[in-house]
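Next come the chains, spelled out residue by residue.
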Amino acid sequence: MARIENGRQSVDTMSIRSSRMDDENSLGSDSEINGFTSDRQTDKYGFIGGAQQHTEESAQDLHPQVLRQREVKWLDMLGHWDKWMIKRFNKVRLRCQKGIPPALRGRAWLYLSGGKVKKEQNQGKFQELDSQPGDPKWVDVIEKDLHRQFPFHEMFVSRGGHGQQDLFRVLKAYTLYRPEEGYCQAQAPIAAVLLMHMPAEDAFWGLVQICEKYLPGYYSPGLEAIQLDGEILFALLRRVSPLAFRHLEKHKIDPILYMTEWFMCAFSRTLPWASVLRVWDMFLCDGVKIILRVGLVLLKCMLGTREKLKACQGQYETMELLRTIEPRYMQEGFLVREILEVPVTARDVERENHTQLKRWKKSRGELNFKSPPRMHGARIIMLSEPLRRQDLQQNPTIVLEVPPPKLKKEEKQSSMKKRISIKKSQPIVEIPNPYSLLSDIPPPPSDPPAPPPVSNEMPETVPETVPESVPQTGPETGPETGPETGPETGPETVPETETDPSHQQQAPPTDLPCAKESPLKRSTQSLSSTEQDTYL
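Rules and cut-offs
- Residues numbered from 1 in each chain as written.
- Predicted model: local features only at pLDDT ≥ 70, side-chain atom pairs only at ≥ 80, totals over all residues.
- Heavy atoms only, no water.
- Helix = DSSP H or I, 4+ residues; strand = E, 2+ residues; numbered from the N terminus.
- Buried < 20%, exposed > 50% of the residue type's maximum accessible area, 1.4 Å probe, protein only.
- Contact = heavy atoms within 4.5 Å.
- Axes fitted to C-alpha atoms, helices over the stretch in contact; angles between N-to-C directions.
- Parallel < 35°, antiparallel > 145°, perpendicular 65-115°, else oblique.
- Left-handed = near helix turned anticlockwise from the far one by under 90°.
- Nonpolar A, V, L, I, M, F, W, Y, C, P; charged D, E, K, R; others polar.
- Phe/Tyr/Trp six-rings, centres within 6.5 Å; stacked < 30°, edge-to-face > 60°.
- Lys NZ or Arg CZ within 6 Å of the ring centre and 35° of its normal.
- Expected span 1.5 Å × (residues − 1).
- Arc of directions from axis to C-beta.

(A) Structural view of the overall build of the protein chain. From N to C terminus, the protein chain includes 28 helices and zero strands. Of all 536 residues assigned to the protein chain, the portion counted as buried reaches 47%. Long-range contacts, defined here as pairs at least 24 residues apart, represent 77% of the contacts in the protein chain between residues at least 6 apart.

(B) Region of interest: the packing of helix H16 (residues 273-286) against helix H21 (residues 332-341). Relative orientation of the contacting elements H16 and H21 amounts to 25°, with a least axis distance of 9 Å. Considered as vectors, H16 and H21 are oriented roughly parallel to each other. The two elements H16 and H21 cross, and the hand of that crossing is right-handed. Facing Ala274, Ser275, Arg278, Val279 and Met282 of H16, the residues of H21 in contact are Glu332, Leu335, Val336, Ile339 and Leu340. Its residues placed into classes, the contact of H16 with H21 shows seven nonpolar, one polar and two charged.

(C) Summary view of the packing of aromatic side chains. Following the criterion strictly, the structure yields 17 aromatic pairs and no others. A ring pair is formed by Trp109 and Trp280, whose centres lie 5.4 Å apart and whose planes are at 40°; its orientation type is tilted. A residue pair is termed long-range when its members are at least 10 positions apart, and Trp109 in helix H6 (residues 105-113) and Trp280 in helix H16 qualify at 171 residues. According to the relative accessible area criterion, Trp109 is buried, its value standing at 1%. Taken together, the aromatic side chains of Trp109, Tyr214, Trp280 and Phe283 make up a single cluster linked through ring pairs. Against the face of Trp360 rests Arg364, its NZ or CZ located 4.0 Å from the ring centre.

(D) Seen up close, helix H22 (residues 346-364). For H22, spanning 19 residues, the distance from its first C-alpha to its last is 26 Å, which sits close to the expected 27 Å at 1.5 Å a residue. Restricting attention to buried positions, one finds in H22 the residues Asp348, Val349, Glu352, Asn353, Gln356 and Trp360. On an axial view of H22, the arc spanned by its buried residues comes to 125°, and they lie on one face. For H22, the exposed residues lying more than 90 degrees away from the buried face are Arg347 and Lys362. Just downstream of H22 lies Gly365, where phi reads positive at about 90°.

Structure (structure tokens):
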């Protein structure tokens, strides 16, 4: 906590300048004690009352049809993200400048920052960090700062609510992920803005990417990176607005006095919310040059004319003027147009960074904290980190398990009976009826088959052969085709499909139903009496 206070002009710059933000009077400390009721109106961004008094005036509402068309385009880009970033990045930049649709802003931010790939390549890391207790030194400081982050937003309005709980989880996880950096107060509003658009795990990886890729070293001990970027801003101001540059140089107003909160919070505590979202859309696409451009536009608008300078003749008046920026300069449409017209590129930022780093080393020596190299935009971040195709696949964040409908007892029993009957049912096999009518007998063939040769030898096991051939004709032929009807037949001379010709002379019983003639019956009926005698 001490190094945070020493690295800034005052701690008040990192808190909301209102008496309602105190621990005892804050709306976020206890919603019921402070008179919060459900009938308090919130705007479309979730802010209660007049917390964002300039948002409604500065917001540009799009026609629903235009908004739906943009959503369809963004869905196509997100579905083929790697191809768009490599081959058509200029189109992605243009659509970010127009504004990301609110319904897809959270997902687009995660893809632009590289947090999506980082999350997929570190599965389970956030859950592991979240389960750990954390360093007590940082945990105590984080808990004190929770109610200060957007206390008039419905997500963070109540102490101990789900918004503050997720914010604590994200900030605590980062202190465990980067113990050498720990926690800085300016990280809280960054994490809070991300939590307004995405779950806690996604917000954590978005915070990691912003701290490591977009603004490296901003939240490290000593805040050397933010001081270096302040010098870069002041040097670029000479080109953009020489009048404002000379005024600040004349009164010896160091950039760290007015740009610390701007840059470290990415203007989330300075601009109306509609403008904040548009600035973040471009910032996550093109990098820190957008933050520098916003700062240059505000300085030029507030100190760029002689009429403005007449009202601030000293250092105190100038600082008060920069703390209370006129709302017309922060309106969404005006601010975005001015940002796009500022002639500052990523190459200009790197050239000036190299120059200021040399001056720093001559006057102050080497940097105490060596931060990783800064990435200027989403495309460079994606190219610097190898990714897999499955890293860009969108997984559902909410999965609903629909229980089966509850059936009544009668319906359950009937369904069980149906299942049992289906399992027991077998295919029906038709059994030929040997007692067929004479009318059903087909006409005899023109050429009867030649009878086999008759054997004179009588086998000794004649009674045993008849029962073997009889059951094949049907289960009901046993009483009439017993051993007495065919004592002369043998197993070697008579085929199994033929039987005694005496069956032809017996009339079928009258009490049996009509049926088709069996093949065994047809073969004996087709022979004449003489032929049967010869055959037997």
